[in-house]
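Now for the letters of each chain:
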Amino acid sequence: MEEVCLNSEPVFDMVDEYEGDGEGEGDCSAMEHDDETGSKHSKKEPPLPTIGLEFDSFDEAYDFYNIYAKEQGFGIRVSNSWFRTKKKERYRAKLSCSSAGFKKKSEANNPRPETRTGCPAMVVIRLVDSKRWRIVEVELEHNHQVSPQIKRFYKSHKKMILAARKARLPTEPVTEIHTIKLYRTAAMDAVSNGFSNVSEREGIHQPDHSKHLELKEGDAYAVYNFFCRMKLTNPNFFYLMDFDDDGPLKNVFWADARSRAAYGYFSDTVAIDTTCLTNKYELPLISFVGVNHHGQSVLLGCGFLGHKSVEYFVWIFRAWLKCMLGHQPQVIVTDQCKSLQIAVSEVFPKARHCFCLWYIMQRVPEKLGGLRGFEEIKRQLNKAVYNSLKIIEFETSWTEMIKKHGLGDNKWLQTLYEERKQWVPVYLKDTFFSGMIPIRENESLNAFFDGYVHKHTSFKEFVDKYDLALYRKHLKEATADVQSKNSSFELKTRCNFEVQLSKAYTKEIFDKFQSEVEGMYSCFNTRQVTANGPIITYIVKERVEIEGNEKEVRSYEVLFETNQVDIRCICSLFNYKGYLCRHALNVLNYNGVEEVPSRYILRRWCKDFKFQHVDLGSTDIDVYGPVYRQSHFHNCAVPIVEGGAQSEEQYKIALHELQELLNKFNLVDDS
């Protein structure tokens, strides 16, 4: 398996055979080639040579231009090379059309006819950073006819096919961040699309396509263009590609600059959305999603998965972790899938792995809908899951449901019960979810790309919509930022808690907290039941709605520690949602506490959170390492971005200074 790490413009992985620098007549000669193995079955256009495109080696740069030339219908040669005298190291080269220049005059009696035309088509490549080759000049126009339909085969193309037949494999995976390998040989490219230019009897093994990404015509080129476009507009764009030994593409992962920056803020709880895989969409999309300071979903990276197996999940999880500089989330929420469980435990051993309650409850009609008494079973299941405040309540309700309806042999329910500590809310009260999962029966959950992905969405269609989806999400967040910063919130009570948090929380989070403040008035009979030193236990009663318009009185146990003003409610709303519940607020008010303690005002919900220091959740971050540098630089850059957007003049100033800074970086790279 070949893992390819990319953080710049993409190029295909190709063989390393190339023509030397010789200027002999043979370099420009063409050979008649009628063998069908030399023709391309695929009709897709090859990527164009572009200034700025980078390669892992001189060989790959040569091979890229060679495969482009074959598709266009011309041969190539190395017309010039520049070497450093001391090291005898090539640092610059000019790759030209084989018709470039003219032959030297021959003294022979019957000289060969002139075949060159002085063609200007060429690319100039230069070594940068002592290890990467970059295209610095391009000329695509020829002064002679070129056509892929011409049945001629140039010497440079012959070497490419011979190298493909050798089926050379890489010696080791490439892991350097700046490595750029996406292009592949004509033979490899054909194999990945389900057929081969070279038959099996000639040594190319036909791979098993069941575990590869099934790209249709136009998909590969669309993905290539997408990566190029994203890299140009997102300097911090990151992506990884996973190729099989035989060449086909297995997995892809990417994250844009905003996603990488967002993870620095919102890395506490991450949901791994595999809806497209579970529902067997044509697009094998997997998304990493967090929650921002407005309670909105925020993309933290996504990819395409070739197969739902442990090996493939492990690869994409490690790719995501590499992108995020090795910083693991505290909580990971996934669908209930055995392969996912194994992969998460292997890659994220320190994270708390939970199953999404909403995903599980959505399957109830599918799994149990055919049973007699389904509606009653569903009602009892909902009661056990959503209404249990204590473990004993859940266990009792579940047991009664199983016995009453004779469900002891139901395999799905058996599995749910065995894994109950990973999805039933009553078992997860010590886990902070930052509002990521629904905990009430009437709450729902939307996938990040809802409305942009359907059952038959293709790769090409998705990458075309990707920018639009993210633009609308970012616009929604920016609008919420402005509303939270500039609007004065309407107060609905005279409670000090409401006034206090209206100055701190974003509008969306304040609205949710405000409903808890209003809910204090549906609570009654707050009374102390026990006292153990500074720890006092209270019971708060509340009238809650059950089915229809019916209401019942429920008792909530609240622990209050008087010395540290620490408070815990049995409903555990703070851990689920990130703000105090009405029962805890009642007890604070009962004890004369007029403000919510600072430990219960999470910074992640505050209006100015993005201006504050990003806490990566570690007390021993290496201040000389990349995690610290990225965090620190991002914090310094946010005020510049915000300030630059205030006016046209400030925008121009900020843009000019940033361009100057990028120019200085380029000078460092070139040196």
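Residues numbered from 1 in each chain as written. Predicted model: local features only at pLDDT ≥ 70, side-chain atom pairs only at ≥ 80, totals over all residues. Heavy atoms only, no water.

The next subject is the overall build of the protein. Tallying secondary structure elements over the protein gives 20 helices and 19 strands in all. Looking at the 671 residues of the protein, the share that counts as buried comes to 50%. Taking all contacts inside the protein whose residues are at least 6 apart in sequence as the whole, residues at least 24 apart take part in 66%. Of the accessible surface of the protein, which amounts to about 33,300 Å², a share of 50% is contributed by carbon and sulfur atoms. (Helix = DSSP H or I, 4+ residues; strand = E, 2+ residues; numbered from the N terminus. Buried < 20%, exposed > 50% of the residue type's maximum accessible area, 1.4 Å probe, protein only. Contact = heavy atoms within 4.5 Å. Areas by Shrake-Rupley, 256 points an atom, 1.4 Å probe, with all protein chains shown as cover.)

Let's shift gears to the sheet that holds strand β4 (residues 76-84). The strand order across the open sheet built from five strands is β3-β7-β6-β5-β4, with neighbouring strands paired in antiparallel fashion. With partners counted over all chains shown, the strands left at the sheet margins are β3 (54-55) and β4, one partner each. As defined by bridge partners, β4 adjoins strand β5 (residues 89-97) across eight bridges and the pair is classed as antiparallel. Directly across from S81, in β5, lies its bridge partner A93. Strand contacts of helix α1 (residues 58-72): β3, β4, β5, β6 (122-128) and β7 (132-139), with the helix running at about 5° to β5, the strand carrying the most contacts. (Pairing = 2+ DSSP bridges. Axes fitted to C-alpha atoms, helices over the stretch in contact; angles between N-to-C directions.)

Moving on: the packing of aromatic side chains. Using the criterion set out here, one finds 43 aromatic pairs in the structure. Ring centres of F317 and F348 lie 5.6 Å apart, and the angle between their planes is 45°; this geometry places the pair in the tilted category. Here the residue F317 occupies a position in helix α7 (residues 310-323), and F348 occupies one in the loop between α8 (338-347) and β15 (352-355), the gap between them amounting to 31 residues. Residue class for F317 comes out buried when judged on its relative accessible area of 0%. Here the aromatic rings of F449 and Y466 are separated by 6.2 Å at their centres, their planes lie at 35°, and the arrangement is tilted. Within this pair, whereas F449 is found in the loop between α13 (411-418) and α14 (459-486), its partner Y466 is found in helix α14, the two being separated by 17 residues in sequence. For F449, a relative accessible area of 4% puts it in the buried group. Among the aromatic residues, ring-to-ring pairing joins F226, F227, F237, Y239, W254, F304, F448, F449, F459, F462 and Y466 into one connected group. Here R420 stacks its cationic end above the ring of Y417, 3.9 Å away from the centre of that ring. (Phe/Tyr/Trp six-rings, centres within 6.5 Å; stacked < 30°, edge-to-face > 60°. Lys NZ or Arg CZ within 6 Å of the ring centre and 35° of its normal.)

Now for the layout of surface pockets. In this model, the second largest pocket occupies a volume close to 1,300 Å³. Put simply, the parts of the chain that give the lining of the second largest pocket at least two residues each are α11 (374-386), α12 (391-405), α16 (507-519), β17 (535-545), β18 (551-561), α17 (573-577) and α18 (582-590). Of the residues forming the lining of the second largest pocket, the biggest block, five residues, is contributed by α11. By residue class, the composition of the lining of the second largest pocket is 15 nonpolar, nine polar and 16 charged. (1 Å grid on protein atoms, 1.4 Å probe; cavity = no way out; pocket = protein on both sides within 12 Å on 5 of 7 lines; lining within 4 Å. Points joined across faces, edges and corners; volume = space filled by probe spheres on them. Nonpolar A, V, L, I, M, F, W, Y, C, P; charged D, E, K, R; others polar.)

Within the structure shown, the criterion is met by 22 salt bridges. Of the charged contacts in the structure, one is a salt bridge between R132 and E54, with a shortest N-O distance of 2.3 Å. With R132 in strand β7 and E54 in strand β3, this residue pair connects regions lying 78 residues apart in the sequence. Note on accessibility: R132 and E54 belong to one class, buried. Two residues, R379 and E376, come together in a salt bridge whose shortest N-O distance is 2.8 Å. With a gap of three residues between them, R379 and E376 both fall in helix α11, about one helical turn apart. Residues participating in the shared-partner salt-bridge network are E54, R132 and R134. (Salt bridge = Lys/Arg side-chain N within 4 Å of Asp/Glu carboxyl O.)

This paragraph deals with the packing of α11 against α12. Relative orientation of the contacting elements α11 and α12 amounts to 165°, with a least axis distance of 8 Å. With respect to each other, α11 and α12 are oriented roughly antiparallel. In the packing of α11 onto α12, the handedness of the crossing is left-handed. For the pair α11 and α12, the contacting residues are E376, I377, Q380, L381, A384 and V385 in the first and F394, S397, W398, E400, M401, K404 and H405 in the second. Across the contact of α11 with α12, the residue classes tally to seven nonpolar, three polar and three charged. (Parallel < 35°, antiparallel > 145°, perpendicular 65-115°, else oblique. Left-handed = near helix turned anticlockwise from the far one by under 90°.)

Turning next to α16. Given 3.6 residues per turn, any residue in an α-helix points the same way as the ones three and four places further on. Along its 13 residues, α16 runs 18 Å from first to last C-alpha, staying within 8% of the 18 Å computed at 1.5 Å per residue. For α16, the full list of buried residues reads I509, F510, F513, Q514, E516, V517 and G519. Buried residues belonging to α16 abut α15 (496-502), β16 (523-532), α17 and α18. (Expected span 1.5 Å × (residues − 1).)

What follows is about the UniProt feature "domain: SWIM-type" (unreviewed entry) in the protein. Here the UniProt-annotated "domain: SWIM-type" (unreviewed entry) positions come out as residues 556-592. In residues 556-592, the share of helix is 38% and the share of strand is 27%. The end C-alpha atoms are 20 Å apart. (UniProt positions renumbered as here; feature names shortened; annotations may be inferred.)

Quick look at the sheet that holds β16 now. With respect to topology, four strands assemble into an open sheet ordered β16-β17-β18-β19, the strand pairing being antiparallel. Either end of the sheet is taken by a strand with one partner, and the two such strands are β16 and β19 (566-569). For this sheet, the mean inter-axis angle between neighbouring strands, taken without regard to orientation, is 25°. Where β17 lies against β18, 11 bridges are found, and the strand directions are antiparallel. Along β18, the bridge assignment pairs I539 with E557.

Take unusual backbone geometry next. Positioned with a positive phi, L325 is a non-glycine residue whose angle comes to about 60°. Structurally, L325 can be placed in the loop between α7 and β14 (331-334). A residue is classified by how much of its surface remains accessible, and L325, at 29% relative accessible area, is partly exposed. Notably, N525 is not glycine yet its phi reads approximately 55°, a positive angle. Along the polypeptide, N525 turns up in strand β16. With a relative accessible area of 38%, N525 lands in the partly exposed category.

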